[in-house]
Amino acid sequence: MADRPLWRQAFDAAERALAGPAEAAVRSETFNDALAAALRGQRWAQREVERRTRRVLHMANVPTATDVRLLSQQVASLQREVRRLRREQEGEG
Amino acid sequence: MIGPRSLARRARGALRYAGGRDAPEVGATPRELVWSRDTARLWRYAGDAATSPTPVLVVHSLVSRSYVLDLYRGNSAIAFLLRAGLDVLLLDWEAPDEADAENTLETYADDYLPRAIAAACGVTGARELTVLGYCLGGDLALLSVARHPELPVRNLALMATPVDFSHMGALSGLVRAGRLNAADLVDRSGNVPAASVEAAFRLLKPTGEAAQYANLWQRLCDEEYVAGYQAMNRWVHDHVPFPGAAFGQLVEHLVRDNALMAGTLELGGRRVDLGAIRCPVLSVVAERDHIVPLAAAEPLPRLVGSQDAGELRLRAGHVGLVAGRSAATVTLPGIADWIREHGVAAAA
């Protein structure tokens with residue numbers, strides 16, 4: 001296109017050249033296997049860090065993110081119970 | 001070459017963009033909350049008196065914010081449908097919290113949707129309505145109408161609704177059997193975090209963000225473009241978590257078993273028979289859709305039992321179906337015409 005500035009023409013050419021291979025790469029088996037392994041590793045590392053910091057913080061009697069999360073899960077569980085009861089009540093009504 | 005004057009205008013545009021002060025208001029069309037249940041909300045939009053007696057219930061997707069349908073003044077699918085004389089309601093799932101983590105596909109198809117449809121009929125006084133599903137919202141509508149053929153759904157219009165999940169490309173590659181299980185992607189809240197949803201979408205077009213910044217730089221002097229970019233950019237980075245239990249079913253049944261295509265989907269111990277859908281069906285597919293590729297949505301009309309199942313195929317992308325120029329000039333007029341043609345005759 002004549003009305004496109006030079007820098008844009010260069011960018012588009014580079015993008016065209018890169019986009020196809022990049023999209024093919026993220027669809028490839030190798031990429032997906034690697035990403036799955038990386039995500040599993042990240043999850044494991046996160047759990048390990050949490051486990052270790054939890055032990056230290058509990059020794060100092062400091063509540064941890066895990067404790068807060070447990071409380072939050074209990075609240076969510078109560079909320080679900082209320083929803084279930086309401087549905088039952090509506091079913092009877 | 002960029003001259004000093006052009007550079008100064010761009011700098012002004014960049015400052016406006018960075019400051020975000022001129023960002024248009026998203027989701028600005030006036031609306032009223034007419035029903036809610038848990039985090040699900042049913043909104044009715046205020047328009048001039050509707051000329052079509054069949055209201056339209058828009059069912060939004062589970063993974064994004066619904067304001068893409070009402071992006072900003074001058075670029076709003078909802079406002080377009082209102083101007084076309086339709087009574088428009090929107091079923092929005094909002095952002096799920098921990099209490100929603102155990103929501104299954106049945107929760108949406110058997111509970112929220114039938115109740116929202118009843119509420120929509122109640123508030124509009126209509127006996128039947130048109131359901132217009134977008135993306136995964138289309139799948140939820142499809143499941144609901146198939147499992148409840150008694151619902152007062154006169155027509156079913158589905159935009160970019162995937163049914164053949166074997167063609168979902170990179171979005172499904174990661175959770176194919178042998179790689180990650182749904183549980184591996186769920187966080188401690190029980191939901192798939194919004195950041196993971198966003199990252200998955202970004203993966204589909206690795207160079208997409210760079211191209212968008214290039215567009216922005218090129219048109220920084222264009223205030224209207226920058227305003228539109230701000231609204232769209234906000235939406236693109238504003239995903240919601242995916243309820244964990246429903247995500248698990250999606251992975252197990254729809255992705256791994258491709259159960260909608262195989263006709264083997266069972267929910268709540270009951271087989272889902274898409275052949276039970278007898279109302280008129282319109283499948284709107286986008287040829288340049290990189291999220292729901294054409295091949296994933298294309299088989300839909302062949303799977304339903306309707307004698308009046310058609311397709312509206314457009315040279316647009318996933319979002320282009322509901323926002324932007326192609327939406328305003330092609331998609332939405334096409335859908336509005338179809339809805340009007342398939343509506344009940346207006347009372348004399």
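Residues numbered from 1 in each chain as written. Chains lettered and ligands numbered in written order. Predicted model: local features only at pLDDT ≥ 70, side-chain atom pairs only at ≥ 80, totals over all residues.

Counting secondary structure elements, chain B contains 14 helices and twelve strands. Relative to its length of 348 residues, chain B is compact, with a C-alpha radius of gyration of 20 Å against a globular reference of 20 Å. For chain B, the C-alpha atoms occupy an extent of roughly 70 × 60 × 35 Å along the three principal directions. Here the analysis covers contacts within chain B between residues at least 6 apart in sequence; of these, 80% occur between residues at least 24 apart. (Helix = DSSP H or I, 4+ residues; strand = E, 2+ residues; numbered from the N terminus. Rg over C-alpha atoms; globule rule 2.2 N^0.38 Å. Contact = placed C-beta atoms within 7 Å.)

Across its full length, chain A holds three helices and zero strands. Its helices and strands in sequence order give chain A the pattern α-α-α, from N to C terminus. Against the globule reference of 12 Å for 93 residues, chain A gives a C-alpha radius of gyration of 26 Å, more extended than a compact globule. Taken along its principal axes, the extent of the C-alpha atoms in chain A is 65 × 50 × 30 Å. Counting every position in chain A, which comprises 93 residues, the buried fraction comes to 1%. (Buried ≥ 20, exposed ≤ 12 C-beta atoms within 10 Å, placed from the backbone.)

Glancing now at the interface of chain A and chain B. Of the residues lining the interface, 23 residues belong to chain A; the matching set on chain B comes to 21 residues. Elements represented by at least two residues in the side of chain A that touches chain B include exactly α1 (6–27), α2 (29–59) and α3 (65–92) of chain A.

Let us look at the nonpolar core. Residue and element names in this part refer to chain B. Core analysis: the largest hydrophobic core is formed by 110 residues, its most contacted members being L57 and V58. When residues in this core are grouped by element, the largest group, eight residues, is from helix α3 (residues 105–124). In this structure L57 touches L89, L91, I117, A120, L129, V131 and L132, once residues within four positions along its chain are discounted. (Core = buried A, V, L, I, M, F, W, Y, C linked by C-beta atoms within 7 Å.)

Residue and element names in this part refer to chain B. The strand order across the open sheet built from eight strands is β1-β2-β6-β3-β7-β8-β11-β12, with neighbouring strands paired in mixed fashion. Each having just a single partner strand, β1 (31–37) and β12 (309–314) make up the two edges of the open sheet. Neighbour-to-neighbour, the strand axes of this sheet turn through a mean angle of 20 degrees, independent of strand direction. (Pairing = 2+ DSSP bridges. Axes fitted to C-alpha atoms, helices over the stretch in contact; angles between N-to-C directions.)

We now examine the domain arrangement of chain A. The assigned domain composition of chain A is domain 1 (1–62) and domain 2 (63–93). A separation of 34 Å is found between the C-alpha centroids of domain 1 of chain A and domain 2 of chain A. (Domains from an automatic or database assignment.)

Among the residues of helix α7 (residues 194–204) of chain B, those classed as buried are A194(B), V197(B), A200(B) and L203(B). On its buried face, α7(B) is in contact with α1 of chain A together with α5 (170–173) of chain B.

With that settled, consider the environment of V236(B). All names here are of chain B. By the secondary structure assignment, V236 is in helix α9 (residues 223–236). Exposure remark for V236: the 17 C-beta atoms within 10 Å place this residue in the partly exposed category. Taking the C-alpha atoms as reference points, V236 and E198, 38 residues apart in sequence, are found 7.9 Å from one another.

Turning our eyes to something else, we now look at the packing of α3(B) against helix α4 (residues 136–147) of chain B. Residue and element names in this part refer to chain B. Running from N to C, α3 and α4 cross one another at 70 degrees; their axes reach a closest spacing of 9 Å. Here α3 lies roughly perpendicular to α4, going by the angle between them. From α3, L105, Y108, A109, D110, L113 and P114 reach across to α4, where they touch L140, A141, L143, S144 and R147. Split by residue class, the contact of α3 with α4 holds eight nonpolar, one polar and two charged. (Parallel < 35°, antiparallel > 145°, perpendicular 65-115°, else oblique. Nonpolar A, V, L, I, M, F, W, Y, C, P; charged D, E, K, R; others polar.)

With that out of the way, let us pick up the packing of α1(A) against helix α8 (residues 208–218) of chain B. Remark: α1(A) packs on α8(B), axes separated minimally by 11 Å, with the N-to-C direction vectors making an angle of 170 degrees. Taken as axis vectors, α1(A) and α8(B) run roughly antiparallel relative to one another. Where α1(A) abuts α8(B), its residues R8(A), F11(A) and E15(A) lie against A210(B), A211(B), A214(B) and Q218(B). Residue composition of the contact of α1(A) with α8(B), grouped by class: four nonpolar, one polar and two charged.

All names here are of chain B. Among the structural elements, A79 can be located in helix α2 (residues 77–83). Taking the number of C-beta atoms within 10 Å as the measure of exposure, A79 has 22 and is therefore buried. For the pair formed by A79 and T29, sequence separation is 50 residues and the distance between their alpha carbons is 6.9 Å. What A79 contacts, discounting residues up to four positions off in sequence, is T29 and D70.

This part takes up helix α14 (residues 325–341) of chain B. Residues and elements named next belong to chain B. Counted at 1.5 Å a residue, the expected span for α14 with its 17 residues is 24 Å, and the 24 Å between its end C-alpha atoms agrees. Of all the bends in α14, the largest measures some 35 degrees and sits at T331, one to four residues before the proline P333. Residues A327, T331, L332, I335 and I339 constitute the buried set of α14. Among the structural elements, β3 (56–59), α2, β7 (129–134), β8 (153–159), β11 (281–286) and β12 are those in contact with the buried residues of α14. (Expected span 1.5 Å × (residues − 1). Bend = angle between axes of the 7 residues up to and from the residue.)

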